[in-house]
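Chain by chain, the residues:
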Amino acid sequence: EPEVTQTPSHQVTQMGQEVILRCVPISNHLYFYWYRQILGQKVEFLVSFYNNEISEKSEIFDDQFSVERPDGSNFTLKIRSTKLEDSAMYFCASKGGEEVTEAFFGQGTRLTVV
Amino acid sequence: AQSVSQHNHHVILSEAASLELGCNYSYGGTVNLFWYVQYPGQHLQLLLKYFSGDPLVKGIKGFEAEFIKSKFSFNLRKPSVQWSDTAEYFCAVMVLNQGGKLIFGQGTELSVKP
């Protein structure tokens, strides 16, 4: 069964460092998303990506964040200068098309900023 | 702004007890509704979904949910829980024509005692 895969499963980084979280969506999907879940809190939408551009972003997704689909298979989330409050579980998701409403999630990357 | 509210933060049940987890959303337009489950250390998995038609939907592992439009609710039920149902449960709403982003509730942690 096709699945969304994320790497690494756990990343520890020092405050101020750049991190790149990687995702491989399901191959024929067209819509891609990043969500995050701070420990003990709800899953929050960060950004959606379609047709090689951001289609929507939340208030959380400020200038420190960027997304890219560099090679047609990977979908990356970059945080330029990490802060302690960026520590969270980051989930990637993909969806087949406009009419297909079910999103499939990856297993998440736990980011710890120290 | 749309929001999703789950009434219970942590529910503790004994095996064979019946389960009902509450979920209410605030949005006046057309939505798709989802329940996701997250087993310890695993990714979000879809339990069931409602798009249209019969408001009583059945999902995997014996779960079902009922959409009551007048109450803006989508409660999750299971007649008899098992120890393996121990997990976190998330209700989510997808507003149509908004790019497919999901708005999650804060989650309910279910602990089932053997």
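Everything here concerns the structure above.
Residues numbered from 1 in each chain as written. Chains lettered and ligands numbered in written order. Predicted model: local features only at pLDDT ≥ 70, side-chain atom pairs only at ≥ 80, totals over all residues. Heavy atoms only, no water.

Asks: Describe the overall build of chain A, naming the residues involved and giving the relevant values.
Replies: Counting secondary structure elements, chain A contains zero helices and eleven strands. Scanning chain A from its N terminus toward the C terminus, one meets helices and strands in the order β-β-β-β-β-β-β-β-β-β-β. Taken along its principal axes, the extent of the C-alpha atoms in chain A is 40 × 30 × 30 Å. Among the 114 residues that make up chain A, the fraction classed as buried is 47%. (Helix = DSSP H or I, 4+ residues; strand = E, 2+ residues; numbered from the N terminus. Buried < 20%, exposed > 50% of the residue type's maximum accessible area, 1.4 Å probe, protein only.)

Asks: Give me the nonpolar core: which residues, what numbers.
Replies: Taken as a class, soluble globular proteins show a tendency for nonpolar side chains to be buried jointly. Residue and element names in this part refer to chain B. One finds L33, W35, L47, L48, F74, L76 and Y89 to be the most contacted residues of the largest nonpolar core, which totals 30 residues. Considering every element that reaches this core, the biggest residue donor is strand β10 (residues 87-95), with five residues. If sequence neighbours within four positions are ignored, Y89 has contacts with Q6, L21, W35, Y36, V37, L47, F63, L76, G107, T108 and L110. (Core = buried A, V, L, I, M, F, W, Y, C linked by side-chain atoms within 4.5 Å. Contact = heavy atoms within 4.5 Å.)

Asks: Tell me about the layout of surface pockets, residues and numbers included.
Replies: By volume, the largest pocket amounts to about 420 Å³. Lining the largest pocket are 19 residues, with Q37, L39 and R110 of chain A together with Q38 and E88 of chain B sitting closest to its centre. Counted by class, the lining of the largest pocket contains seven nonpolar, nine polar and three charged residues. Computed from the structure, the second largest pocket encloses a volume of approximately 350 Å³. If you trace the second largest pocket, you find 18 residues lining it, with E1 and F104 of chain A together with H43, L44 and Q45 of chain B closest to the centre. Contributing elements (two or more residues each) for the lining of the second largest pocket: β10 (103-105) of chain A together with β6 (44-50) of chain B. (1 Å grid on protein atoms, 1.4 Å probe; cavity = no way out; pocket = protein on both sides within 12 Å on 5 of 7 lines; lining within 4 Å. Points joined across faces, edges and corners; volume = space filled by probe spheres on them. Nonpolar A, V, L, I, M, F, W, Y, C, P; charged D, E, K, R; others polar.)

Asks: Explain the interface of chain B and chain A to me, using residue names and the numbers behind them.
Replies: On the side of chain A, 18 residues touch chain B, which itself brings 21 residues to the contact. There are two salt bridges connecting chain B and chain A. K101 of chain B is the salt-bridge partner of E56 of chain A, the closest N and O atoms lying 2.7 Å from each other. At the surface where chain B touches chain A, the tally comes to four residue pairs in polar contact (both at pLDDT 80 or more). Put simply, the parts of the chain that give the side of chain B that touches chain A at least two residues each are β5 (31-38), β6, β10 and β11 (102-104) of chain B. Looking at the side of chain B that touches chain A element by element, the count peaks at four residues for β5 of chain B. (Salt bridge = Lys/Arg side-chain N within 4 Å of Asp/Glu carboxyl O. Polar contact = N/O pair within 3.5 Å; in protein donor to acceptor, adjacent residues only side chain to side chain.)

Asks: An account of the state of the cysteines is requested, with residue identities and associated values reported.
Replies: Residues and elements named next belong to chain B. One pass over the full model with this rule turns up two disulfides over all chains. Here C23 connects covalently by a disulfide to C91, the sulfurs 1.9 Å from one another. Across the S-S bond of C23 and C91 the torsion is about -65°, and the bridge reads as left-handed. Note that C23 is positioned in strand β4 (residues 23-26) and C91 in strand β10, a separation of 68 residues in sequence. (Disulfide = S-S within 2.5 Å.)

Asks: Residue-level account of the sheet that holds strand β8 (residues 75-79) of chain A, with values.
Replies: In a beta sheet, neighbouring strands are held together by backbone hydrogen bonds and run either parallel or antiparallel to one another. Residues and elements named next belong to chain A. Sheet architecture is open: four strands sit in the order β1-β3-β8-β7, paired in antiparallel fashion. The two strands at the open ends of the sheet, each matched to only one other strand, are β1 (5-7) and β7 (65-68). Neighbour to neighbour, the strand axes of the sheet diverge by 20° on average, direction disregarded. Both β1 and strand β3 (residues 19-24) contribute to a ladder of three bridges, which runs antiparallel. Counted as the bridge partner of T5 is V24 from β3. (Pairing = 2+ DSSP bridges. Axes fitted to C-alpha atoms, helices over the stretch in contact; angles between N-to-C directions.)

Asks: Tell me about the environment of K95 of chain A, and name the residues and values.
Replies: By the secondary structure assignment, K95 of chain A is in strand β9 (residues 88-95). Separated by 74 residues in the primary sequence, K95 of chain A and L21 of chain A have C-alpha atoms spaced 19 Å apart.

Asks: How would you sum up the packing of aromatic side chains? Please name residues and give values.
Replies: Scanning the entire structure with this criterion turns up 19 aromatic pairs over all chains. Ring geometry for F105 of chain A against Y36 of chain B: centres 5.2 Å apart, planes inclined by 80°, an arrangement best described as edge-to-face. With F105 of chain A in strand β10 and Y36 of chain B in strand β5, the pair connects residues from two separate chains. Judged by relative accessible area, which is 4%, F105 of chain A ranks as buried. In this structure an aromatic cluster arises from ring pairing among Y33, Y35, F45 and F105 of chain A together with F34, Y36, F51, F90 and F104 of chain B. For the cation-ring pair, K95 of chain A lies above Y31 of chain A, with the distance from its terminal atom to the ring centre recorded as 4.6 Å. (Phe/Tyr/Trp six-rings, centres within 6.5 Å; stacked < 30°, edge-to-face > 60°. Lys NZ or Arg CZ within 6 Å of the ring centre and 35° of its normal.)

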